[in-house]
Amino acid sequence: MSTELDFRLDDLVPADADSEYAEQQFWSGDLTVLTEHHTAPHGSHSYVGAHDGSVTWGVPGEPQVAAIKVARNLSLNTFTMETTYHATVPFAQNWLVEQGCPPEQMAEVGAEAATPADDLTVRIEAEIRESGTRYEVIETDTSDYDPCEAWTLTRDSDTVQEPIRLFLQEWDINAYTYTLREGAFADEETALRWLDDRSTPLPQPPEHLGEAAALRTRAALARSAGSSEIPRTASGAHQSAAAVPVQRSVQGRLL
C-alpha cells in the first residue's frame, strides 16, 4: 500500500462537473492513504480512504478522513469521482464497501495510521465497516488538540432499546495507539449532554455488557498468571476501572 495518493487518471477527463470539482478539491500533498483497493485487471474502479491534512487548519471539528471512489470508462477515456468525509476510518470504509468495494479489501490499514490499542477496538471497527446502512450518522466531531479524539453520533436501525449510538475514538499520542468505544443512549439530547459533561463512564450498549465483563476477566487472569507474587485465581478478581488514554496538547495529524 502506497502512502501517496494516485488516482490513476492519466489521459482521462472528468465525465461531469461534479467529478471535475471533486478532483480539484484535493492536493496530493495533503492526503495520506490509509486504505485502498484498485480493481483488476483493467483498473476500472478505485476505492481510497485517506487522511486529509488540510482539514486540521480549517473549521474546528470537521471530519478529516476522506472516502473516495473513482470509476473509469476506459472506452470513452472519462472518469467519475465521488467523495465523502468521515470522523473515523471505519465509517469511511463502510461507505466505500457500500459503493461496491469488497469488504475484505478495506480491512487493511497502512502503517501510517495509529494502531488499535485492544481487541475491543478491532471488533467495533469491523462491525462498523460491515454494517451496511445500519447506522445513520447524526453528527460528528474531530479534535486534534486536547482532547485528541473523534466521535460519531448515530441512530442504530437494528435496535429499539437505546437506539442512539455514540462511537468515541481516543488517541494516545505517546503510544501512537487509539481506542474506540460504543455508547448507548435513549435519545440525542442525552448523548450530547454526556459529551459535554463526561462525569460518568460511557454507557455500554446492553448487548456488550456481558462481553465487556468477560474481557476484563480474561485480562485479570492473564495478569495473574504472569506474576510470581500473585497466585492464579478464578474469575473472582476483576479489573473494574477502564484504562484512560493519555492525552496532551497536540496539533496535527491524528491518524
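Residues numbered from 1 in each chain as written. Predicted model: local features only at pLDDT ≥ 70, side-chain atom pairs only at ≥ 80, totals over all residues. Heavy atoms only, no water.

Here the focus is unusual backbone geometry. With an omega dihedral of 10°, the bond running from Asp146 to Pro147 counts as a cis peptide bond. When you line up the elements, Pro147 lands in the loop between β7 (135-144) and β8 (148-156). For Asp11, which is not glycine, the phi torsion reads 70° and is therefore positive. Here Asp11 falls in the exposed class, since its relative accessible area comes to 72%. Positive phi is not limited to glycine here, since Asp146 has a value of about 45°. Following the sequence through the fold, Asp146 ends up in the loop between β7 and β8. You can call Asp146 partly exposed: its relative accessible area is 45%. (Helix = DSSP H or I, 4+ residues; strand = E, 2+ residues; numbered from the N terminus. Buried < 20%, exposed > 50% of the residue type's maximum accessible area, 1.4 Å probe, protein only.)

The next subject is the confidence of the model for the protein chain. When pLDDT is low, close inspection of the predicted coordinates is not appropriate. In the predicted model, the protein chain carries a mean pLDDT of 84, and 80% of its residues have values of at least 70. Mean pLDDT values over the elements of the protein chain span from 61, in helix α6 (residues 209-225), up to 98, in helix α5 (residues 188-197). (pLDDT = per-residue confidence, 0-100.)

What follows is about helix α2 (residues 89-98). For α2, the tally of buried residues reaches nine of 10 residues, placing the bulk of the element in the interior. Backbone geometry just downstream of α2 places Gly100 in the positive-phi region, at approximately 120°.

We now examine the sheet that holds strand β9 (residues 164-172). Taken in spatial order, the five strands of this open sheet run β6-β10-β9-β8-β7, and their pairing is mixed. Strands at the two margins of the open sheet, each flanked by one partner only, are β6 (115-116) and β7. Here β7 pairs with β8 via nine bridges, running antiparallel. Following the sheet pairing, Ser143 is matched in β8 by Glu149. Taken strand by strand, helix α4 (residues 119-129) contacts β6, β9 and β10 (177-185), and its axis lies near 60° from that of β10. (Pairing = 2+ DSSP bridges. Contact = heavy atoms within 4.5 Å. Axes fitted to C-alpha atoms, helices over the stretch in contact; angles between N-to-C directions.)

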